[in-house]
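Notes for the structure review
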Amino acid sequence: MEIQAVTMILIKTMNKSLLSFVGIFFVFLVTAQDGSSLWLGYSILENETERAAYAESLQFISFSDSTERMQLASKELQKGLQGLLGNSPHEKKKLPNQKGMYGVQLQLDEDLTLSKEGFEIEYTPQGTTIKAKKDLGILYGVYAFLREMQLRKPEPFTVVDQPKVKIRMLNHWDNANGTVERGYAGSSIWKWFELPYRLDPRYEDYARANAALGINGVTLNNVNASSRFLTSEYLEKIKALADVFRPYGIQIYISVNFRSPKTLGGLATSDPLDPAVRKWWKDKTREIHQYIPDFGGFLVKANSEGEPGPQDYGRTHKDGANMLADALQGYEGIVIWRAFVYKADPNGDRFKEAYKQFKPLDGTFDPKVIVQVKNGPIDFMPREPFHPLFGALPNTPLAMEFQITQEYLGQATHWVYLGGMYQECLRSDTYAKGPGSSVAKVIDGSLFEHEISLMAGVANTGSDANWTGHPMGQSNWYAFGRLAWNPEMDAATIAKEWVVQSLSRKEEAVSTLTDLMMSSHATYVKYTYPLGLHHMMGEGHHYGPQPWLDKSGRPDWTSVYYHRASASGIGFDRTGNYSDALDLYHPEVQENWKDPQSCSLDYLLWFHHLPWDFKLNTGNTLWDELITRYYEGVAEVEQMSTRWESVQAQIPSPIYENIRGRLKIQAKEALWWRDACTLYFKEFSQLPIPEGLTPPSRTLEEVKKLEAIYHLR
Ligand code: GCW
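Let me begin by describing the structure that accompanies this report. (Residues numbered from 1 in each chain as written. Predicted model: local features only at pLDDT ≥ 70, side-chain atom pairs only at ≥ 80, totals over all residues. Heavy atoms only, no water.)

1. Details of a nonpolar patch on the surface
On the surface, Leu-706, Ile-709, Tyr-710 and Leu-712 cluster together into a nonpolar patch covering about 390 Å² of accessible area. Tracing the backbone through its elements, the reader meets Leu-706 in helix H22 (residues 700–708). You can call Leu-706 partly exposed: its relative accessible area is 30%. (Patch = residues over 30% accessible without salt bridge, like charges linked within 9 Å, V, L, I, M, F, W, Y side chains within 5 Å. Areas by Shrake-Rupley, 256 points an atom, 1.4 Å probe, with all protein chains shown as cover. Salt bridge = Lys/Arg side-chain N within 4 Å of Asp/Glu carboxyl O. Helix = DSSP H or I, 4+ residues; strand = E, 2+ residues; numbered from the N terminus. Buried < 20%, exposed > 50% of the residue type's maximum accessible area, 1.4 Å probe, protein only.)

Here's what the structure looks like:
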């Protein structure tokens, strides 16, 4: 007998107060305490009166149409209510019209003025309706209702919602051999060697967790793509996953290797204008649809970091993307073409590369093509100005690519909530059509009235029991999903939602944790890349500090290329005096950053090379401010630990211990960053550590050895 069934029997045979005690105890048992249930843990509502009120108003579930997805929505609602209330309402075919019999109706309604994924929830103690035009809207409405129940009291409320962005997608950088590029939570969740015959139960857990956020697309494999994913053997495996995901409204996309016609098809070339190549892609696309009729489309990294692409044949990104779009004619799918391209130019500025290549192509892409742009111009640095392409290509739909996995943000050992960082980018004003032309409006398609819109997040999932390694990594997956649904949502609201559903509903814990989450990003930036420094991490693995890195495969893979520290100062001059990358932005945006006296300190060294004794508006010199920030960052991590310890009693203990351990690593490594950077930059500035701060207790040589260990064989 399942534990849940035992719980039910016990609950039915007990008196009320004993019942609530045992109920809570058992729900703790059935709700995983290790974080594996993500935001779908549905632990019992602790307030007995509120629970009783909800139970009274949710005695049954009925649904207007019996589609497979309506039934799924009803099952999800039952599961959720079972957890939250300790008891789950029965399904009823017809609405009971007995007095005192209240419940939820899931109702399809063609006349609603909402998009096909939108929903309307109306809760009253005497009856609740969840309405939508389509059954996927009902499923989304059910998840939203369960979320609202955890955030509100059982008093009447109405929620009307629909997504602003059409495609809300996770990009997995997962390889066929089970490894995950830039993955820090174990191996891939896709068991390619078992598929299609064995379906890991986690596939469905994954689909539920994503559907609860409204994520409706998944690219399964790494953008550094293997052609293997296009073989019929792998298409059969992918089909098996597509079949699991479909009921949850999730479509599959595949990252493709541009050289596949050659490597897989045996053709002499992969030139996108070659008729045989074009036919190969058409045939392959037809074959894919035999397995996956609702195939989402192709994701392509071309001519970037050694990946093949149309430029190998003297063609352009447009030629490559439009060829794939042509192969998809007659089908629903699209081509997602990445703009993460940069040529090695020792005298250039990598900041400008993607703009240089894509700006001239505006308006030349097939309507099925969307260009996917990383949030910033370099590469997912802890803080970047928004990418200058946003707002610059009015005739091309642009997708946002955020990184959820924390490649440059402490990987799985540093607690960094990314909601605020995503928000900062989305709310940035491009001024493309005057004030109010936010990045959010570019990517939701509204600014330039594009049909396709897309937001992608590079996933942080892996085989670890809690999915993300650091339990707090879950909140970044969650925040990404919520912002993809509505890029204008508030990061603090999202943080609170996540805490309430995933960690604790105790008031003190909720406010402490929301606070900690919201300040965690600024703290990380302080002890790693204060004042707009960027790209000074360990070579290759991208972990820890290596500001002294001066030789690598390419100049723009070193650290010195970016910080440009010398006796005369520090920072990358991107004004008209040097690279003039600033000029890629609208004049109003340039205003924010062009004058070092008024430039936000968060972005100062992104755009300016300044002398060490440059006087900032804080009253400090640049040197003093820089070093002070490193020290503040370290102190803030210590405070994070203390505050974390203060909520121990309110957090499930395995998660509490897990994070406590990781905070210790974070504290040690914040110190590592601080010492590495202050000692290294001191060699140039020749200035003392500011008064009142204790100088590092180790030498630069000693700190350098810490990084070197990563390269020992
Ligand atoms: O951030 C860099 C990573 C690469 C990644 C690349 C990209 C998938 O270091 O690992 O490759 O970006 O986004 O294509």
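2. Quick word on the packing of helix H7 (residues 232–245) against helix H9 (residues 275–291)
Orientation of H7 relative to H9, taken along the N-to-C sense of each, is 40°, at an axis distance of 9 Å. By the angle between their axes, H7 is oblique relative to H9. Regarding H7 and H9, the two cross each other, and that crossing is right-handed. Where H7 approaches H9, its residues Ser-232, Leu-235, Glu-236 and Lys-239 are matched on the opposing element by Glu-287, Ile-288 and Tyr-291. When its residues are assigned to classes, the contact of H7 with H9 shows 3 nonpolar, 1 polar and 3 charged. (Axes fitted to C-alpha atoms, helices over the stretch in contact; angles between N-to-C directions. Parallel < 35°, antiparallel > 145°, perpendicular 65-115°, else oblique. Left-handed = near helix turned anticlockwise from the far one by under 90°. Contact = heavy atoms within 4.5 Å. Nonpolar A, V, L, I, M, F, W, Y, C, P; charged D, E, K, R; others polar.)

3. Here's the deal with the pattern of salt bridges
Inspection of every chain in the model, using the stated rule, returns 42 salt bridges. Glu-287 is the salt-bridge partner of Lys-284, the closest N and O atoms lying 2.9 Å from each other. Separated by 3 residues within a single helix, Lys-284 and Glu-287 lie in helix H9, roughly one turn from each other. Salt bridges sharing common partners tie together Lys-239, Asp-243, Arg-246 and Asp-294.

4. Details of the site of the ligand
In the region of the ligand, 15 residues are neighbours, and Glu-181, Lys-301, Arg-338, Asp-379 and Glu-407 sit closest. At a separation of 2.9 Å, an oxygen atom of the ligand approaches a polar side-chain atom of Arg-182. Contact distances for the ligand include 3.2 Å between an oxygen atom and a side-chain N or O atom of Asn-224. In isolation the ligand exposes 330 Å². Once the protein is present, 97% of that is buried. Of the residues assigned to the shell around the ligand, the class counts are 4 nonpolar, 3 polar and 8 charged. (Near = heavy atom within 4 Å. Polar contact = N/O pair within 3.5 Å; in protein donor to acceptor, adjacent residues only side chain to side chain.)

5. Considerations on the side chain of His-172
Within the element layout of this structure, His-172 appears in the loop between strand E7 (167–171) and helix H6 (201–211). In this structure the side chain of His-172 is engaged in a polar contact, spanning 2.6 Å, whose partner is the side chain of Tyr-206. Dropping the residues within four chain positions of it, His-172 is found in contact with Ile-189, Trp-190, Tyr-206, Val-218, Thr-219, Leu-220, Asn-221, Asn-222, Ala-459 and Thr-461.

6. Considerations on unusual backbone geometry
Each neighbour pair has its own omega, and for Leu-195 with Pro-196 the value is 0°, a cis peptide bond. Along the polypeptide, Pro-196 turns up in the loop between E7 and H6. Unlike most non-glycine residues, Tyr-42 shows phi in positive territory, near 45°. Tracing the sequence through the fold places Tyr-42 in the loop between helix H2 (16–30) and helix H3 (48–57). Positive phi is not limited to glycine here, since Trp-467 has a value of about 75°. Structurally, Trp-467 is set in the loop between strand E14 (454–458) and helix H14 (473–485).

7. Quick look at the environment of Val-335
With respect to the helices, strands and loops of the structure, Val-335 is situated in strand E11 (residues 334–338). For Val-335, a relative accessible area of 0% gives the class buried. Along the sequence, Val-335 and Lys-368 sit 33 residues apart, while their C-alpha atoms lie 6.1 Å from each other. When neighbours within four sequence positions are excluded, Val-335 is seen to be in contact with Phe-298, Ala-321, Leu-324, Ala-325, Leu-328, Lys-368, Val-369 and Ile-370.

8. Quick word on the packing of aromatic side chains
A full pass over the atoms with the stated rule returns 45 aromatic pairs. Summarising the aromatic geometry, the rings of Phe-258 and Trp-337 are spaced 6.0 Å apart at their centres and angled 90° between planes, so their arrangement reads as edge-to-face. Highlighted residues: Phe-258 in the loop between strand E9 (251–256) and helix H8 (260–263) and Trp-337 in strand E11, separated in sequence by 79 residues. Residues Phe-258 and Trp-337 agree in their burial class; the two are buried. Ring-pair connections join several aromatic residues into one group, and the members of that group are Trp-39, Trp-190, Tyr-203, Tyr-206, Phe-245, Trp-467, Trp-477 and Tyr-478. Sitting over the face of the ring of Trp-467, Arg-202 holds its NZ or CZ atom 3.8 Å from the ring centroid. Of note, Arg-554 hangs over the ring of Trp-557, and the distance from its end group to the ring centre comes to 5.2 Å. (Phe/Tyr/Trp six-rings, centres within 6.5 Å; stacked < 30°, edge-to-face > 60°. Lys NZ or Arg CZ within 6 Å of the ring centre and 35° of its normal.)

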